[in-house]
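Remarks on the overall topology
Residue strings, one per chain:
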Amino acid sequence: MHRIVANSRLWCDLAARHLSQQRSSLAARQGQLGFVRLYVSKAPVSQISSSGAAKSSDERNGPAKGAAPQAIPLAVPLVVPLDTKAIVNEITKSLEKKSKPGKQDDGQVVASITSLPGFSRLIYHYLMLSKIRLTSLVVMTAMAGYAMAPAPFELSTFLLCSIGTTLVSGAANSINQVIETSFDAQMARTRNRVLVQGHLSRLHAVGFALGASTVGVGMLYFGVNELTAALGAANLILYTSIYTPMKRYSILNTWVGSLVGAIPPLMGWAACTGGDIGAGAWILAGLLYCWQFPHFNALSWNIRPEYLKAGYKMMANSHPKLCTRVSLRHTGYTTALCLLAPALDVTNMWFALETLPLNAYFAYLAYEFHQKADSKSSRKLFRFSLLHLPLLMILFLLNKKHWVFSHDKPEEQQIDEYLVPNIVAEVGAGSGGGGGIKAIEDNLLMNVASVLPAAAAKN
């Protein structure tokens, strides 16, 4: 920083001297402008000569043998006469030029305007603020819940549910980054986030979160149904107000975070069925809940020093044996839920058979992590968890028991002709064999009186 300030002052002095000498010649050139291009040298400040004298003949012909290399003056202004069209072309080239890392032009860096934030850059910052990869996973689980529900598919409801869930999840992640900005700066995994780098202010992030959450919950309420909107709002509050602060006080934050991850499938299921959450929805939510323990515990195992430095309370730090044991236990719960799905008439028996080897290998990796408790076993468990969940969801969808492609509409009774019901049978059944002709006549008259007005109204 000190070198930059010194270089800037030196260039200003040199530019003032040079421009004062060239003022008369520049004024004589009509219809032309002087375009200044800046070059920054890597020479130390102590070696920079402040004199503006011209180069000697020896310097023009090249350095003599055995002579020490001379420092190049910093930021010598090169005044080149150009017309207006040339200036526009030069500016366009400088804006379109993208510097490649590791490549420089003879040790010099061209100063150009390339960091002005535009609309596309703002959208990129919003995506990073929303943790777009995590938000995508949340939306995919909600879409899976919609697809697996025993109800017909409606494109409008599906899109509104997906967009609303995206906005609510993005708002929750934004608030999470606002709260944890100072802590994210201490971790290598999170120190490049938008708020830590200062690309957006915290007030800006709060405004984005308020707008996204309001629009998202509104879309779920007015475009889908009340239950889906209530689940989305509850998940937003649970993530920002309970899970995020709890990460610094208790290891129970892992259980709360798993509950947050289990709600999106319920949202998708409720959106498809109109608010009816059945046994299949709870099995799907249970699978997401159990899957998160081996997934997150394996992830946090290799970054324990960073969590400890930032002050987060994680099982991997304070209770390492509990961390591995909980991971193994929940792989067993996942297998049990897959076996329970056919018993509750949610899927067919093939789902239990097809997921058995998948869950068995998942449990084996968790057992290996429990026994060894090292970086290699945790990394293997984490990587397979990324494959395990989508395969499980695909098998659930392919083997779901009830497929509904259209709404069942009750058939309307149409009176095409006058039909006399079997009055004798009705009277005989109602009276236990008695009643006589009088009862038959009374029933016949009542039926005729009810049928004739309907037939007359139809005609």
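Here the structure is a predicted model, which means the values were calculated and not measured.

Across its full length, the protein chain carries 20 helices and four strands. Counting every position in the protein chain, which comprises 459 residues, the buried fraction comes to 35%. Pairs at least 24 apart in sequence give 76% of the contacts found in the protein chain among residues at least 6 apart.

Okay, the UniProt feature "transmembrane region" (unreviewed entry) in the protein chain next. Per the UniProt record, "transmembrane region" (unreviewed entry) is annotated on residues 132-149, 155-179, 200-221, 227-244, 251-271, 277-301 and 381-398. Spanning residues 200-221, this segment combines 91% helix with 0% strand, and its end C-alpha atoms are found 30 Å apart. Between the C-alpha atoms that bound residues 381-398 the distance is 25 Å, and the span itself is 100% helix and 0% strand.

With respect to the helices and strands, the residue alanine 151 is situated in the loop between α6 (132-148) and α7 (155-179). Residue class for alanine 151 comes out buried when judged on its relative accessible area of 14%. A sequence separation of 253 residues divides alanine 151 from valine 404, and the C-alpha atoms of the two residues are 5.2 Å apart. In contact with alanine 151, not counting residues within four places along its chain, are Cys272, Thr273 and Val404.

This paragraph deals with the packing of aromatic side chains. If you walk through the whole model with that rule in mind, you get 15 aromatic pairs. Judged by centre distance (5.9 Å) and plane angle (75 degrees), the ring pair of tyrosine 307 and tyrosine 312 falls under edge-to-face. Tyrosine 312 carries the same exposure label as tyrosine 307, and that label is buried. Pairwise contacts between aromatic rings join Tyr361, Phe362, Tyr364 and Phe384 into one cluster. Residue placement shows lysine 247 over the ring face of tyrosine 312; its charged tip is 4.9 Å from the ring centre. Just above the ring of tyrosine 312 sits the side chain of arginine 248; from NZ or CZ to the centre is 5.7 Å.

Among the secondary structure elements, histidine 402 is positioned in the loop between α18 (375-398) and α19 (423-431). With a relative accessible area of 40%, histidine 402 lands in the partly exposed category. In this view, histidine 402 contacts Pro150 and Asp345; residues no more than four positions away in its chain are not counted.

The topology assignment puts arginine 202 in helix α10 (residues 202-224). For the pair formed by arginine 202 and serine 174, sequence separation is 28 residues and the distance between their alpha carbons is 9.4 Å.

Helix length check: α18, at 24 residues, gives a terminal C-alpha distance of 35 Å against a target of 34 Å (1.5 Å per residue), a fit within 8%. By the largest-angle criterion, serine 385 marks the main kink of α18, which is about 25 degrees. Within the span of α18, buried status applies to Ser377, Ser378, Leu381, Phe384, Ser385, His388, Leu389, Leu392, Met393, Leu395 and Phe396. The secondary structure elements touched by the buried residues of α18 are α6, α13 (279-301), α16 (320-343) and α17 (349-372).

This brings us to the packing of α16 against α17. At a closest axis distance of 9 Å, the pairing of α16 and α17 adopts a crossing angle of 175 degrees. When the axes of α16 and α17 are compared, the pair comes out roughly antiparallel. In this structure, α16 contributes Thr324, Arg325, Ser327, Leu328, Thr331, Thr334, Thr335, Cys338, Leu339, Ala341 and Pro342 to the contact, and α17 contributes Met349, Phe351, Ala352, Thr355, Leu356, Asn359, Phe362, Ala363, Ala366, Tyr367, Phe369 and His370. Residues that form the contact of α16 with α17 fall into these classes: 14 nonpolar, eight polar and one charged.

The next thing to look at is the nonpolar core. One finds Met148, Leu287, Leu381, Met393 and Phe396 to be the most contacted residues of the largest nonpolar core, which totals 62 residues. In terms of residues, this core owes the most to one element, α13, which gives 11 residues. Apart from the residues lying within four places of it in its own chain, the contact partners of methionine 148 are Trp269, Leu284, Met393, Phe396, Leu397 and Lys400.

What follows concerns the pattern of salt bridges. Counting across every chain of the model gives five salt bridges. Between lysine 247 and glutamate 180 there is a salt bridge; the shortest N-O distance is 3.1 Å. Of the two residues, lysine 247 sits in the loop between α11 (226-246) and α12 (253-273) while glutamate 180 sits in the loop between α7 and α8 (181-184), which places them 67 residues apart along the sequence. Owing to a relative accessible area of 9%, lysine 247 belongs among the buried residues under this scheme.

Mapping glutamine 292 onto the fold places it in helix α13. Relative accessible area serves as the criterion here: at 15%, glutamine 292 is assigned to the buried category. Looking at glutamine 292, its side chain comes within polar contact range of the main-chain oxygen of leucine 288, at 3.1 Å. Excluding residues that lie within four positions of it along the chain, glutamine 292 makes contacts with Gly257, Ser258, Gly261, Ala262 and Asn297.

Calculation notes
- Residues numbered from 1 in each chain as written.
- Predicted model: local features only at pLDDT ≥ 70, side-chain atom pairs only at ≥ 80, totals over all residues.
- Heavy atoms only, no water.
- Helix = DSSP H or I, 4+ residues; strand = E, 2+ residues; numbered from the N terminus.
- Buried < 20%, exposed > 50% of the residue type's maximum accessible area, 1.4 Å probe, protein only.
- Contact = heavy atoms within 4.5 Å.
- UniProt positions renumbered as here; feature names shortened; annotations may be inferred.
- Phe/Tyr/Trp six-rings, centres within 6.5 Å; stacked < 30°, edge-to-face > 60°.
- Lys NZ or Arg CZ within 6 Å of the ring centre and 35° of its normal.
- Expected span 1.5 Å × (residues − 1).
- Bend = angle between axes of the 7 residues up to and from the residue.
- Axes fitted to C-alpha atoms, helices over the stretch in contact; angles between N-to-C directions.
- Parallel < 35°, antiparallel > 145°, perpendicular 65-115°, else oblique.
- Nonpolar A, V, L, I, M, F, W, Y, C, P; charged D, E, K, R; others polar.
- Core = buried A, V, L, I, M, F, W, Y, C linked by side-chain atoms within 4.5 Å.
- Salt bridge = Lys/Arg side-chain N within 4 Å of Asp/Glu carboxyl O.
- Polar contact = N/O pair within 3.5 Å; in protein donor to acceptor, adjacent residues only side chain to side chain.

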